[in-house]
Amino acid sequence: MIEDLMKFVKVLLRGAGQVMFQGSAWAGAFFILGIIVGSALAGLPQVAIGAVLGLIVSTVTGYVLNMPHEEGESGLWGFNGILVGCAFPTFLGNTLLMWLVLILCAAMTTWMRVAMNNVMASWKVNSFTFPFVFSTWIFLICVHSFDGLWGEYMALPSLMNSFSPDLNVNITALPDYWLKNISQVFLIDSWLAGLLFLIGLYFSSKWAALWAAVASAVALGVAVLFKASGSDVAHGLYGFSAVLTGIALGCTFYRPSWRSAVWALIGIIVTVFVQGAMNALFMPFGVASLTAPFCVTTWLFLLPRLNIDNPNTDVRRPDHSHWHKRHAMP
Amino acid sequence: MIEDLMKFVKVLLRGAGQVMFQGSAWAGAFFILGIIVGSALAGLPQVAIGAVLGLIVSTVTGYVLNMPHEEGESGLWGFNGILVGCAFPTFLGNTLLMWLVLILCAAMTTWMRVAMNNVMASWKVNSFTFPFVFSTWIFLICVHSFDGLWGEYMALPSLMNSFSPDLNVNITALPDYWLKNISQVFLIDSWLAGLLFLIGLYFSSKWAALWAAVASAVALGVAVLFKASGSDVAHGLYGFSAVLTGIALGCTFYRPSWRSAVWALIGIIVTVFVQGAMNALFMPFGVASLTAPFCVTTWLFLLPRLNIDNPNTDVRRPDHSHWHKRHAMP
Amino acid sequence: MIEDLMKFVKVLLRGAGQVMFQGSAWAGAFFILGIIVGSALAGLPQVAIGAVLGLIVSTVTGYVLNMPHEEGESGLWGFNGILVGCAFPTFLGNTLLMWLVLILCAAMTTWMRVAMNNVMASWKVNSFTFPFVFSTWIFLICVHSFDGLWGEYMALPSLMNSFSPDLNVNITALPDYWLKNISQVFLIDSWLAGLLFLIGLYFSSKWAALWAAVASAVALGVAVLFKASGSDVAHGLYGFSAVLTGIALGCTFYRPSWRSAVWALIGIIVTVFVQGAMNALFMPFGVASLTAPFCVTTWLFLLPRLNIDNPNTDVRRPDHSHWHKRHAMP
């Protein structure tokens, strides 16, 4: 009984870890700790509660639907659900109906992941966090149709960006933005959470921690160079998707090498533009682009199925539909 | 000669029936009767004329392009065309150019269905009414580009929903809304038409009639609970897609059982949210979401290819790319 | 060395030619000449410079990524890149950052083409110019998010089309519009460039020149009949996608015949409506639809894989994933 519970908790923790491609319970534990710390500091404890609830609901849904256990127990049922759980209380008012749709949406992600992976199977890529993105969009946009859902923390639909004042680019502020780029992977706005996420990554994979750090810095540089909205940059909103792209391309789907590093760097830069485009694209609807920029960009870099890390071999085009191994740092 | 004509009429009637997955000429006859009654009561006889014209044009297109007859003669050429024929005079002003594009659009749906089914073949799902939806969107959005097309009954593009007064939820009104949820499958706003559609369904499949009735009631409940626009709910606009989802999941792609009933109920509920999201998403373009919420939701529930009605067998994942059998009620 | 350079120039010219499906260096030479003439006349030399730069960057990217040479050397690496190079200085202000993203975007199209063709492989269609369209949209929409990119020549986002005065339909003006429909394939607004493009087509394929001419005329007629914006029609904005559809359906993917001619004509007409719809759809974002109407419409006509030019044979459904042969005129 206690053993079963321990096993279930481990499955949950791995679910948290898989948000950043780490099937590691330790990484997941640090991620959840970061969410709790960040949401407590922001005075929004409902975000941490939602995260744990979404994680549990989506994981239990996998068992109820009797999906292949091996996959789910490496954390693949939970990573979309925990993000749903972070997103709903971050954007919606804290009402009973919000919790009802949070549970419905978290459960949905488990079979939407199978649905989307089925669609993408012949293309040899994975749906990543897109089940979370797509299902969360559905319910967030609904605030404009249903008075029963309240977009308390959502932007009003508008046609044009009102640019905020320029970014405060001084030495003391930059580390803050850099860590928030990482914390926003879980929609948390806290440098301390970002640091905890980085530590969690480090315990699971030094390469992943390195690429998260590099991706955050590069994305920050691109956003500053092209003069993105200062307040968006300061809150880490131009970095979280790039962080995921960096981990995906730099050390998850390709073995770390100089060639794959260049590929990942280009991917990180492109992610910032896809982010800028999606932010503008969703302005008339008042919803956030969530991690869609990461999904779209990483697909664009994996779908050609180039032998980036094996340029001289004649091996068949790589299959990117799953991620498994972590690459040890030498 | 007369025999050929009779056969052709039967093919047409089955085309009307397939809008609700019924390859039954009797069901189709009741559906067309409902359209005639509903459009006459609304003082819009052009809707019934358009419906019959669209049905004929799309069916004849299948013969002209020499597509596989077996498929077409079970009604699969006509069901998108009849919906095009209902939609154009419902949204556009009654001008000669409207009738020209109605004919063009109805013909297009016949090969767009083949195109979309080709795309979806490897995913093992069907395009449903999406050829109607996609081609109708093209021409409806054109009212903003072409002065020659007149969006007489279309909403003006806007950024925000102006919520209408709350719904009048009293005992006498509810059956009216409930039946309009069914009549709006053919874009008809009439409780009498809804009743005729329900009778047509009953003659073809008691399960389908039951699921249409249940889906309409559940969708009404969800829309009231989450406080959708009162006038939209009163005109059945939050129910028609859910009715189609109910018939699809409850008794067309899965055998009726307790497990598939729960699955269908969740699908019906999700359809209402997809409807709310799409209504908001299309506000800046002033077009209706048509039956897209049904298509999208039903895909999300079929694409995982779960053995919902055969949980204990080891049969391979079900193929949902066609619908054939109707399941007899015990 | 000189030989290598000559070969490289030929590959570049074929890249220009493939924008209109012509793997012919002569066609490409005329196309580039037309771009130079047109951009010089418009006082925008940066468009011609961008075109050549984009062509070179995307072609070199193919060599750097070591993609199959045979494909690239028939011009398939360059045709998206040259369009990126035409588009960026046409819409964006002439700044250093614009040139940086032009280079990045042109390079991207080379692997996006492989990515999209991989996705479409099982559907047996090609991605056409969609890599250009999709990647250019990303960077153009970014002007609303990044102060560092300046949409100098872009429309402001708006909800409703403000219809310009009616088109001046007199005999002397029509040939001007008709040739601009062709010049706008490369985003050039010049009857002389259109004439040069037509001559280039003629040298490569008389059928292609004929279909470009017919498509431009038919599209002009449809746009006038349905009263599209006068200024858009006068600048050729309702014809360029139709020209590409005409060449694709009329003589590239189907052998010229009476049956395929009817099919191509319907495709040309539908392209005008898809253009009208997309123009309206992108109004809230202030971006152009580029050649997306051509891509979408041609897909809709190729995806059913109908034996349009072989109605009486039992050959399997045609594979449209590549284009090769040009059909000689009798």
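Thresholds, definitions, all that
- Each chain carries its own residue numbering, running from 1 in the written order of its sequence.
- Working convention: letters from A go to chains and numbers from 1 go to ligands, in the order in which they are written.
- In view of the model being predicted, local features appear only for residues whose pLDDT reaches at least 70, and side-chain atom pairs are presented and counted only at 80 or more, with totals across whole chains, interfaces and linings using the full set of residues.
- For the side-chain quantities, the full set of heavy atoms in the structure was used; hydrogens and water were omitted.
- Throughout the structure description, domain borders are defined by an automatic or database domain assignment.
- It only takes one pair of heavy atoms within 4.5 Å for two residues to be counted as in contact.
- The buried area of a pairing is the accessible area, by a 1.4 Å probe, that goes missing from both parts when the two are put together, added over both.
- Side-chain atoms alone can form a polar contact between residues adjacent in sequence; in general such a contact is a pair of N or O atoms within 3.5 Å, and within protein one must be able to donate a hydrogen while the other accepts it.
- A run of H or I in DSSP becomes a helix once it reaches four residues, and a run of E becomes a strand once it reaches two; helices and strands are each numbered from the N terminus.
- We call Asp, Glu, Lys and Arg charged. Ala, Val, Leu, Ile, Met, Phe, Trp, Tyr, Cys and Pro are nonpolar, and the rest, Gly among them, are polar.
- Fitting of the copies onto one another was done by least squares over C-alpha atoms, counting residues only where both copies have pLDDT of at least 70.
- Here is the rule: rings of Phe, Tyr and Trp (six-membered ring for Trp) pair when centre to centre is within 6.5 Å. Planes less than 30 degrees apart are stacked, more than 60 are edge-to-face, and the remainder are tilted.
- The buried label applies to any residue whose accessible area, calculated with a 1.4 Å probe on protein chains only, is under 20% of its type's maximum; exposed applies above 50%, and partly exposed to all values in between.

Engineer: Mind showing me how you'd approach the domain arrangement of chain A here?
Structural biologist: Reports of interface size often rely on the accessible area that becomes lost once the parts have come together. Residue and element names in this part refer to chain A. Domain annotation of chain A identifies domain 1 (1-154) and domain 2 (156-308). For domain 1 versus domain 2, the separation of C-alpha centres amounts to 20 Å. Residue-level contacts link 40 residues of domain 1 with 40 residues of domain 2. Carbon and sulfur atoms make up 82% of the surface buried where domain 1 meets domain 2, a total of about 3300 Å² over both sides. The tally of links from domain 1 across to domain 2 stands at 5 residue pairs in polar contact (both at pLDDT 80 or more). Mapped onto the side of domain 1 that touches domain 2, the elements with two or more residues apiece are α2 (25-41), α5 (78-91) and α7 (130-141). If one sorts the elements of the side of domain 1 that touches domain 2 by residue count, α2 sits on top with 10 residues. Residue composition of the side of domain 1 that touches domain 2, grouped by class: 28 nonpolar, 11 polar and 1 charged.

Engineer: How do you make sense of the relation of the copies chain B and chain A when you look at a structure like this?
Structural biologist: A rotation about some axis, followed by a shift along it, carries one copy of the chain onto the other. The transform that puts chain B on chain A rotates by 120° and translates by 0.0 Å along the axis, for an RMSD of 0.0 Å. Put plainly, the chains are arranged around a three-fold axis. Ranked by how close their C-alpha atoms come to the rotation axis, the residues of chain B are headed by B:P284, at 4.3 Å. Interface residue correspondence from chain B to chain A reaches only 11%, placing this contact among heterologous pairings that use different surfaces.

Engineer: How should the packing of aromatic side chains be read in this particular structure?
Structural biologist: Geometry of an aromatic ring pair is reported as the spacing of the ring centres plus the angle between the planes. Here the structure, examined in full by the defined rule, presents 87 aromatic pairs over all chains. Seen in terms of ring centroids, A:W123 and B:W123 are 6.3 Å apart; in terms of plane orientation they differ by 75°. Their pairing is edge-to-face. Of this pair, A:W123 sits in the loop between α6 (96-120) and α7 while B:W123 sits in the loop between α6 (96-120) and α7 (130-141), each in a different chain. With respect to burial, A:W123 and B:W123 carry one shared label: buried. Between C:Y63 and C:W77 the ring centres are 4.9 Å apart and the planes differ by 80°, which places this aromatic pair in the edge-to-face class. Of this pair, C:Y63 sits in helix α3 (residues 45-64) while C:W77 is found in the loop between α4 (69-76) and α5 (79-91), placing the two residues 14 residues apart along the sequence. Using a relative accessible area of 2% as the deciding quantity, one classes C:W77 as buried. An aromatic cluster of at least three residues, connected via ring pairs, comprises A:F21, A:F79, A:F128, A:F130, A:F134, A:W137, A:F253, A:F282, A:F294, A:W299 and A:W323.

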